[in-house]
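Architecture and fold: a report
Each chain, written out:
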Amino acid sequence: MPILNWTQEYSVGVKELDEQHQKLMKMLNTLFILYEQNKFNNVDVNPIFQELNDYANLHFSTEEHYFNLYNYPKKMEHLAMHEVHRRKITELKGEYDSNNSAKTLFAISNFLNDWWIWHINNADKEYTSYFNANGLK
Ligand SMILES: [Fe+2]
């Protein structure tokens, strides 16, 4: 699953969160392009990871803020998924630091793409009707 393009089918029905998902996809593409063009040897991957990590955390905090604000019933399950992402990205980054291999970068890129697509289409879309009913669109 190489380049991600945000389309309406990924919409979670909340403008702010859709915009964050769009930005995240662009950042994931940056990582994939680096692998694809075999440029990661000349480029410092650290700031890219850092930016991705920071932005993912900002996005999770935004969602979690709304979960609390509207008392979202599936909050706990959803938080657990965000936590898995937080842990996994640290683990993958550690792996990349230890071997700097194209294979690892590809695995990371694939993992993140799959994770985000699954998460948006399943977990995130579950809050659409709840948030919308609370006036968050
Ligand atoms: Fe989420």
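So, here is what we can say about the structure in this document. All residue numbers here refer to positions counted from 1 along the written sequence of the relevant chain. Only residues with pLDDT of at least 70 get local features here, since the model is predicted, and only at 80 or more are side-chain atom pairs given and counted; chain-wide, interface and lining totals rely on the full set of residues. In computing side-chain properties, one takes all heavy atoms of the structure into account and sets aside hydrogens as well as water.

The next thing to look at is the coordination of the iron ion. For a metal bound by four donors in a tetrahedral arrangement, the ideal donor-metal-donor angle is 109.5 degrees, while six donors in an octahedral arrangement ideally sit at 90 or 180 degrees. Because water is not among the atoms used, a metal site may look incomplete, as its donors are only the N, O and S atoms within 2.8 Å, or 3.2 Å for Na, K and Ca. At 2.0 to 2.5 Å from the iron ion lie its protein donor atoms, namely Glu63 (OE), His78 (NE2), His82 (NE2), His119 (NE2) and Asp124 (OD). For the iron ion, the single-chain donor residues occur in sequence as E-x14-H-x3-H-x36-H-x4-D. One end of the pair, His82, is in helix 3 (residues 75-99); the other, Asp124, is in the loop between helix 4 (102-123) and helix 5 (128-133), and 42 residues separate them in sequence. Exposure classes here rest on a 1.4 Å probe applied to the protein chains alone. A residue is buried below 20% of its type maximum, exposed above 50%, and partly exposed in between. Its relative accessible area of 0% is what places His82 among the buried residues. Exposure remark for Asp124: the relative accessible area of 0% places this residue in the buried category. In DSSP terms, a helix is any run of H or I states spanning at least four residues, a strand is any run of E spanning at least two, and both are numbered starting from the N terminus.

In an α-helix, one turn spans 3.6 residues, which is why side chains three or four residues apart end up on the same side. The span one expects for a helix is its residue count, reduced by one, times 1.5 Å. Helix length check: helix 1 (residues 15-36) (22 residues) gives 31 Å between terminal C-alpha atoms against 32 Å at 1.5 Å per residue, within 8%. Buried within helix 1 we find Leu17, Asp18, Gln20, His21, Leu24, Met25, Met27, Leu28, Asn29, Leu31, Phe32 and Leu34. Whether two residues are in contact is decided by their heavy atoms: any pair within 4.5 Å suffices. Along its buried surface, helix 1 packs onto helix 2 (46-69), helix 4 and helix 5. Immediately beyond the C-terminal end of helix 1, within one or two residues, lies Asn38, with a positive phi of roughly 55°.

Any Phe, Tyr or Trp ring, taking Trp's six-membered ring, that has another such ring centre within 6.5 Å forms a pair; planes under 30 degrees apart are called stacked, those over 60 apart edge-to-face, and the others tilted. Taken as a whole and assessed by the stated rule, the structure comprises 16 aromatic pairs. Here the aromatic rings of Phe67 and Tyr72 are separated by 4.9 Å at their centres, their planes lie at 25°, and the arrangement is stacked. Judged by relative accessible area, which is 5%, Tyr72 ranks as buried. Feature note: the residues Tyr66, Phe67, Tyr70, Tyr72, Tyr127, Tyr130 and Phe131 constitute an aromatic cluster, connected by ring pairs. Whether a charge sits over a ring depends on NZ of Lys or CZ of Arg being within 6 Å of the ring centre and within 35 degrees of the ring normal. Above the plane of the ring of Phe111 lies Lys88, whose end atom (NZ or CZ) is 5.3 Å from the centre.

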